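# Fold and contact review
Next come the chains, spelled out residue by residue.
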Amino acid sequence: MRDRYDVIIIGGGHAGTEAARAAEAVLSHHGREARVALVTMNPATIGAMSCNPAIGGLAKGQMVREIDALGGLMGKAIDATGIMFKMLNMSKGPAVRGPRAQSDKYAYAKEVQRLVMGDERIEIIAGTVDDIITERGSVTGVLLSPQAANQQSEAVGEPRILHAPAIVLTTGTFMRGLMHTGERKTAGGRVGEGAAEGISATLRKLGFELGRLKTGTPPRIAKDSIDWAGMEPQSGDDPPVPFSDMTQRSGFVPKLPQIECRVTRTTPEAHALIRENLHRAPMYCGDIDAESGPRYCPSIEDKIVRFADRDSHHVFLEPESLHTNEIYCNGISTSLPIDVQERIVHLMPGCERAEILKWGYAVEYDMVWPHQIDSTCMAKHVHGLFLAGQINCTTGYEEAGAQGLIAGLNAARLVLEHDPIRLRRDQAYIGVMLDDLVTRTPREPYRMFTSRAEHRLLLRADNSDERLTPLGRELGLVCDDRWAVYQQRQEKLTAIRGAFDKTFVDGKSLREIARRPGITPEELTHRLNGPYELPLIERVMTEAKYDGYIARQQAEIKRQAKSETQAIPDWFEPWTIPGLRSEAAEAFKRFRPATFGQANRLPGINPADLTLLAVHLKRPNGHSHEKNATSGHRTPQKSR
């Protein structure tokens, strides 16, 4: 077995798989014989959906489209395995609509495995990483646990070292993961799987400040034990809208049969029961040694306390697969004991006789406070170490996949000695997320929302390709087939935009008519001379409606562009600036912003501080450490 690689990915979840694909694509594009290793405790669980069997949602769906526009896996995988597609927020403007799809979770994992394992340039290694090896502040490899050294024998083998100049760490909820169901505790990051114990100690040794977070999952119940009559149905869209640009978007026909979900609810009796047992819920009572859980996906215990005036909460019953009996109870994530969970489920209308197949549980896990990484996903004080996913204080498959793509891209660029890539806030939701993480240090698991993006009129789900695919092509992420699809679509969009300006009805151009309230794409289709696809007509209509607003946003972005991207040298020491306030110096020291734009969003830094910094950097003595500037990182003490 070889032991030298260009990039090593640790973890086979949504972040790890996107990182592996991105790294391989970029290295191969630049003529390098890509050698990417993906190390995972169990290759059979690569791409597994640990919690809800769905991809996308509000703002999350936009990120999946962005991952796809950059050549990622997630959009293709959900299109191939989706069993209910739905565009959310259709009653609101196009900028805040988000695609979402229920998936056959087992088919989804198999599809991701097919996409990753089918690439011979990505080597899957079954094992657990016990240590990250560094030399003079840069990573050089990883140490696998002895148990992984000989997978075919019961005998404990010798520890194995894998060497690489770039490592992407995507531990999910497995880093010292501990699961709780009532008083029962089990080591692991997901039911039926173990925990990664050694990495936390390694990261502390390397100087990282760690935190501990918690999340949870609901019970699963047997489909054939539910009384479905009388429950409100939730159907998908007809016709559905796919995620990937590589899927036929006009007349899309899903590969798998489509299903519907049903809605039930919690009851006042269940709420009273939960209140009586809060002292037995680790997620709520303090037994879990974690700082916080996800505010926007709270446990049923948290809901009962935070919304005490409510006597009922919706529970969506979502099939986890076409071929199993499992129903996911979306809305009652819990860490309560088994006896209480059983009574809560049986109090829901239609679930009086439900058989519970899997109990809900909470999981606590270690993470790295994200002010210690850059928006490239690379650690600020360990050269070549990239972090992606829940280790960076995020929650959700989509947030993890997006970080993984950026981490894999920049890991490959580091190997190639190319400059790192940072997506801007006006360029992608991915850019918004990473900028938020490194400038605001969330104290709870970060979840993407459209409200977080000040330029959301530009960051719609329908235009992700125009925003990102040319960049992806330039970077080597976008293959020839995807690029051909993009170019063909651009030709059609150019023709439609021209027709909107040149076709007149009663003295008004179609662009002007498109702005009228109540005008539908179908009405405009009849006015166009050509077999144009309805989704593309809808996109141009959206542009027409938002023309004025988009022009103002673009003008503001252009005005701020210089300061937004102006680099702050990594050798800069805040205490050397005469007159800089202590609060600002502390903020510079803690966050180490890479650009003036990032610095402007840091708490404790004001415009006057940035003016002082700009003046200081222009002075000759402001470059006293310039000899280190070209390396892209400081030269820390040697460690291992």
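Calculation rules
Residues numbered from 1 in each chain as written. Predicted model: local features only at pLDDT ≥ 70, side-chain atom pairs only at ≥ 80, totals over all residues. Heavy atoms only, no water. Helix = DSSP H or I, 4+ residues; strand = E, 2+ residues; numbered from the N terminus. Rg over C-alpha atoms; globule rule 2.2 N^0.38 Å. Buried < 20%, exposed > 50% of the residue type's maximum accessible area, 1.4 Å probe, protein only. Contact = heavy atoms within 4.5 Å. Areas by Shrake-Rupley, 256 points an atom, 1.4 Å probe, with all protein chains shown as cover. Polar contact = N/O pair within 3.5 Å; in protein donor to acceptor, adjacent residues only side chain to side chain. pLDDT = per-residue confidence, 0-100. Phe/Tyr/Trp six-rings, centres within 6.5 Å; stacked < 30°, edge-to-face > 60°. Lys NZ or Arg CZ within 6 Å of the ring centre and 35° of its normal. Salt bridge = Lys/Arg side-chain N within 4 Å of Asp/Glu carboxyl O. Core = buried A, V, L, I, M, F, W, Y, C linked by side-chain atoms within 4.5 Å. Arc of directions from axis to C-beta. Pairing = 2+ DSSP bridges. Axes fitted to C-alpha atoms, helices over the stretch in contact; angles between N-to-C directions. Parallel < 35°, antiparallel > 145°, perpendicular 65-115°, else oblique. Nonpolar A, V, L, I, M, F, W, Y, C, P; charged D, E, K, R; others polar.

### Overview of the overall build of the chain
Across its full length, the chain holds 20 helices and 23 strands. Relative to the 2.2 N^0.38 estimate, which gives 26 Å for 640 residues, the radius of gyration of the chain is 25 Å and therefore close to what a compact globule would have. The dimensions of the chain, computed from C-alpha atoms along their principal axes, are 75 × 75 × 50 Å. A burial count over the chain gives 57% of its 640 residues as buried. Of the contacts formed within the chain by residues at least 6 apart in sequence, a portion of 75% connects residues at least 24 apart. When the accessible surface of the chain is split by element, carbon and sulfur atoms take 50% of a total near 26900 Å².

### Brief notes about the side chain of Gln598
Within the secondary structure, Gln598 is located in helix α19 (residues 596-600). A polar atom in the side chain of Gln598 sits 3.1 Å from the side chain of Ser375. Apart from residues lying up to four places away in sequence, Gln598 is in contact with Asp374, Ser375, Arg422, Asp435, Val438, Thr439 and Pro593.

### Digging into the confidence of the model for the chain
Atom-level detail of predicted coordinates should not be read off regions where pLDDT is low. Mean pLDDT over the chain stands at 89; residues scoring 70 or higher make up 92%. Overall, residues 148-153 carries pLDDT values under 50, and its contacts beyond four positions in sequence, including any with other chains, amount to 7 contacts. Between residues 624-640, whose pLDDT stays under 50, and residues either more than four places distant or in other chains, the model counts 34 contacts.

### Observations concerning the packing of aromatic side chains
Applying the stated criterion to the full structure yields 3 aromatic pairs. Note on Trp483 and Tyr486: the rings are 5.1 Å apart at their centroids and 20 degrees apart in plane angle, and the pair reads as stacked. Taken as a pair, Trp483 and Tyr486 lie in helix α13 (residues 480-502) at a separation of 3 residues, close to a single helical turn. Of the two residues, Trp483 and Tyr486, both sit in the buried class. Measuring from ring centre to ring centre gives 5.4 Å for Phe572 and Phe588, while their planes differ by 90 degrees; the resulting arrangement is edge-to-face. Note that Phe572 is positioned in the loop between α17 (547-565) and α18 (582-591) and Phe588 in helix α18, a separation of 16 residues in sequence. Of note, Arg452 hangs over the ring of Tyr446, and the distance from its end group to the ring centre comes to 4.3 Å.

### A word on the pattern of salt bridges
Enumeration according to the criterion identifies 46 salt bridges in this entry. Between Arg280 and Glu183 there is a salt bridge; the shortest N-O distance is 3.5 Å. Taken together, the residues Arg280 in the loop between α6 (268-276) and α7 (282-285) and Glu183 in the loop between β11 (178-181) and β12 (184-187) connect sequence positions 97 residues apart. For Arg280, a relative accessible area of 22% translates into the label partly exposed. Two residues, Asp436 and Arg425, come together in a salt bridge whose shortest N-O distance is 2.8 Å.

### Side note on the nonpolar core
Ranked by internal contacts, the top residues of the largest apolar core, which has 74 residues, are Val7, Phe386, Leu423, Ile430 and Met433. For Met433, the contacting residues outside a window of four places in its chain are Met63, Glu399, Ala402, Gln403, Tyr446 and Met448. Ile125, Ile167, Ile199 and Leu206 belong to the second-largest nonpolar core, a separate cluster that totals 29 residues.

### Regarding helix α5 (residues 198-205)
Of the positions making up α5, those classed as buried are Gly198, Ile199, Ser200, Thr202 and Leu203. The inward-facing, buried residues of α5 abut β7 (129-135), β10 (166-169), β13 (210-217), β20 (361-368) and β21 (385-387). Just downstream of α5, Gly207 is the residue with a positive phi angle, here 100 degrees.

### Regarding unusual backbone geometry
Cis geometry is adopted by the peptide bond preceding Pro239, which originates at Asp238 and carries an omega value of 5 degrees. As for its placement among the helices and strands, Pro239 is situated in the loop between β15 (232-234) and β16 (261-265). If you check the backbone angles, Ala59 has positive phi at about 70 degrees while not being a glycine. Mapped onto the elements of the fold, Ala59 is located in the loop between β3 (54-56) and α2 (60-69).

### Quick word on α18
Of all the residues in α18, the buried ones are Ala584, Ala585, Ala587, Phe588 and Phe591. Along the axis of α18, the buried residues cluster in a sector spanning 160 degrees; they form a single face. On its buried side, α18 packs onto α11 (429-440), α19 and α20 (607-618). A positive phi of about 45 degrees marks Arg592, the residue just after α18.

### What about the sheet that holds strand β8 (residues 138-144)?
Pairing in this open sheet of 3 strands is antiparallel, and the strands run β7-β8-β9 from one edge to the other. Edge positions in the open sheet fall to β7 and β9 (160-163), since each of these has one partner strand only. Neighbouring strand axes in the sheet, compared pairwise and without regard to direction, differ in orientation by 30 degrees on average.

### With respect to the sheet that holds β3
Read from one edge of the open sheet, 3 strands run β3-β5-β4, paired in antiparallel fashion. Two strands in the sheet have a free side with no partner beyond their single neighbour: β3 and β4 (82-88). Neighbour to neighbour, the strand axes of the sheet diverge by 20 degrees on average, direction disregarded. In this sheet, strand β5 (residues 98-103) lies alongside β3 in antiparallel orientation, the contact comprising 3 bridges. Bridging from a neighbouring strand, Ile55 pairs with Ala101 of β5.

### Describing the packing of α2 against α11
Think of two packed helices as two axes; the pair is described by the angle between the axes and how far apart they sit. α11 packs onto α2 with a crossing angle of 110 degrees between their chain directions and a minimal axis gap of 8 Å. When the axes of α2 and α11 are compared, the pair comes out roughly perpendicular. From α2, Gln62, Met63, Glu66 and Ile67 reach across to α11, where they touch Tyr429, Ile430 and Met433. Taken together, the residues that form the contact of α2 with α11 break down as 5 nonpolar, 1 polar and 1 charged.

### A few points about the pairing of β7
Across the 7 residues of β7, 5 count as buried, placing the element largely inside the fold. Where β7 lies against β8, 6 bridges are found, and the strand directions are antiparallel. Looking at the pairing, Val129 lines up with Leu144 of β8. What sits between β7 and β8 in their antiparallel hairpin is a turn of 2 residues, with Arg136 showing a positive phi close to 50 degrees.

### Here we look at the side chain of Asp465
Looking at the element boundaries, Asp465 is found in helix α12 (residues 464-475). Given the relative accessible area of 0%, Asp465 is considered buried. Only 3.1 Å separates the side chain of Asp465 from the side chain of Arg539, close enough to count as a polar contact. Residues within four places of Asp465 in sequence aside, it is in contact with Arg65, Ala69, Asp245, Pro470, Tyr486, Arg489 and Arg539.

### Let's talk about the environment of Ser451
Tracing the backbone shows Ser451 in the loop between α11 and α12. Each C-alpha atom of the pair Ser451 and Thr215 lies 23 Å from the other, and the pair is 236 residues apart in sequence.

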